[in-house]
Amino acid sequence: MTIDLFCQVVDNYGDIGVCWRLAQQLNESYPVRLWVDDLSAFARIEHHIDPTATTQIVNTITVLSWEVASELQPAPIVIEAFGCDLPADYLGQMPQHTQLWLNLEYLSAETWVEELHLLPSPQPNGISKYFFFPGFTAKTGGLLRPSSYNPASTSTALPAWQSMGLSAPTTDRIAFVFPYPNAPLSVLYEALAQHPESWTVLLAATAPDPQLSSYQKERLTIQRLGFIQQADFDALMDYADLNIMRGEDSFVRAIWAAKPFIWQPYLQEQNTHLEKLQAWLTHTPFDRAIQQLIYDWSSLQLNADQLLKHLLHLSDWQQQCRNYAHNLCLQDNLATQLIAFCSQKCQKAVK
Ligand code: TRH
């Protein structure tokens, strides 16, 4: 049972970030062909990808450019990520070959997700497409989680500093920061500079250049990263003392790192992203002050004293994050749930 997973890179790296993670986990059970419309974005987060090759195999996964979609037969199981429109020729051929078609939706903690998860929707080519919603509750498709993840013993591996072009930080603490351009980084720098311990800030490739006062320059070490592989990105989250993440994919991975973290959701019109953020926060076991801190980062209301207060009690904050990761682990992860659904549906089709 081959799975075709289709990824369209809309903007940023979340689409390919989620798809690459998912492809590797599904590939533990079924052969996977990952179709990507923008291989150059993929190559930035996975250095084994050749952006000019329309067909290649990386980590035993066949990676295909959308350009060759008319040349190959559709797989028995087809997953489109985030409602991407599949190539027309491919859609036309699906009825002869495809048993199950799924749309992997964006992550949301809003309550309507439970009602829509796994609903079928008949399509013009005659096949029903099922909506698969990731989520935080038992009635959703769960979260992408490393398959070997154990909340009781999270990774203590050293990041591959040299291969990332970095020297190992020598400060007391490390903050790993992957923000949207409007994030209140000046507040972060102000708080970290006042902290009694010394801090290194690892700034992701896409982050704005830091604007520091001379006092902050003395107190803080800033290391700017180039684009690093997703596996290295994850290792940094596991190693850092504070993760400031964004979007969808790095946010979920930060949960499993079980270190103090702040999530900044993808910016949407009319502040819809703040509603999404609030829906998630009310699901978390974080205390009121931590919830407020995370909300205020995205609503741009945060002040340095508020952040510093939590940085001075990092171990309390970390314990809350550990408990949260532990609780969420009681739920099957997204890849396991997807595989179970595919097996159930395809068995029915064979009978
Ligand atoms: O890049 P993002 O902002 O992606 C966003 C969101 O997913 C959003 O929900 C979606 O609607 C929009 O894209 C289209 O943030 P995200 O989701 O955290 O994805 C970033 C991925 O890129 C993640 O897998 C980590 C990876 N990455 C690296 O591996 N190396 C790097 O150097 C960088 C900067 C990122």
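Residues numbered from 1 in each chain as written. Predicted model: local features only at pLDDT ≥ 70, side-chain atom pairs only at ≥ 80, totals over all residues. Heavy atoms only, no water.

Honestly, the domain arrangement of the chain in this entry has me stumped. Any pointers?
Often, the extent of an interface is quoted as the loss of accessible area on bringing the components together. Looking at the chain, the domain boundaries give domain 1 (3-145 + 331-350) and domain 2 (151-328). Each of domain 1 and domain 2 was reduced to a C-alpha centroid, and the two centroids are 29 Å apart. The partner domain 2 presents 23 residues to the 27 residues of domain 1 that form the contact. Overall, the association of domain 1 and domain 2 removes approximately 2200 Å² of surface from exposure, summing both partners, and the carbon and sulfur fraction of that is 57%. Together, Arg21, Leu107 and Phe136 form the three largest contributors to the area buried by domain 1 at its contact with domain 2, with a combined 27%. For the pair domain 1 and domain 2, the interface holds two salt bridges. At the level of elements, helix 1 (14-26) and helix 2 (39-45) are the ones that each hand at least two residues to the side of domain 1 that touches domain 2. In terms of residues, the side of domain 1 that touches domain 2 owes the most to one element, helix 1, which gives six residues. (Domains from an automatic or database assignment. Contact = heavy atoms within 4.5 Å. Buried area = accessible area lost by both parts, 1.4 Å probe. Salt bridge = Lys/Arg side-chain N within 4 Å of Asp/Glu carboxyl O. Helix = DSSP H or I, 4+ residues; strand = E, 2+ residues; numbered from the N terminus.)

Just to check I follow, could you spell out the site of the ligand for this structure?
Within the structure, the ligand sits among 22 residues, and Tyr180, Ile228, Arg246, Asp249 and Ser250 are positioned closest to it. A distance of 2.6 Å separates an oxygen atom of the ligand from a polar side-chain atom of Ser250. Among the elements of the structure, helix 1, helix 7 (230-239) and helix 8 (249-257) are those that each provide at least two residues to the shell around the ligand. Sorting elements by how many residues they give to the shell around the ligand places helix 1 first, with three residues. Of the residues in the shell around the ligand, the class split is nine nonpolar, eight polar and five charged. When residues of the shell around the ligand are assigned to domains, at least three map to each of domain 1 (3-145 + 331-350) and domain 2 (151-328). (Near = heavy atom within 4 Å. Polar contact = N/O pair within 3.5 Å; in protein donor to acceptor, adjacent residues only side chain to side chain. Nonpolar A, V, L, I, M, F, W, Y, C, P; charged D, E, K, R; others polar.)

Help me understand the sheet that holds strand 11 (residues 220-224), please; the structure alone is not making it clear to me.
Two strands in a sheet stick together by hydrogen bonds in their backbones, pointing the same way (parallel) or opposite ways (antiparallel). Spatial strand order, 11-10-9-12-13: five strands in an open sheet with parallel pairing. Both outer strands of the open sheet, strand 11 and strand 13 (261-264), are each paired with one neighbouring strand and no more. On average, each strand axis in the sheet is tilted by 15° relative to the strand beside it, whichever way the strands run. Strand direction decides the pairing type here: strand 12 (residues 242-246) and strand 13, joined by four bridges, are parallel. (Pairing = 2+ DSSP bridges. Axes fitted to C-alpha atoms, helices over the stretch in contact; angles between N-to-C directions.)

Just checking my understanding: could you explain the sheet that holds strand 8 (residues 128-132) for this structure?
Spatially, eight strands are ordered 3-4-2-1-5-6-8-7 in an open sheet, and the strand pairing comes out mixed. Bordering the open sheet on either side are strand 3 (55-58) and strand 7 (120-122), each of which pairs with just one other strand. Between one strand and the next, the sheet's axes are offset by a mean angle of 25°, whatever the strand orientation. Alignment of strand 7 against strand 8, held across three bridges, turns out to be antiparallel. Residue Pro120 lies in a different strand from strand 8, and its bridge partner there is Tyr130. Against the sheet, helix 1 engages strand 1 (3-7), strand 2 (32-36), strand 3, strand 4 (61-65), strand 5 (77-81) and strand 6 (100-104), with an angle of about 170° to strand 1.

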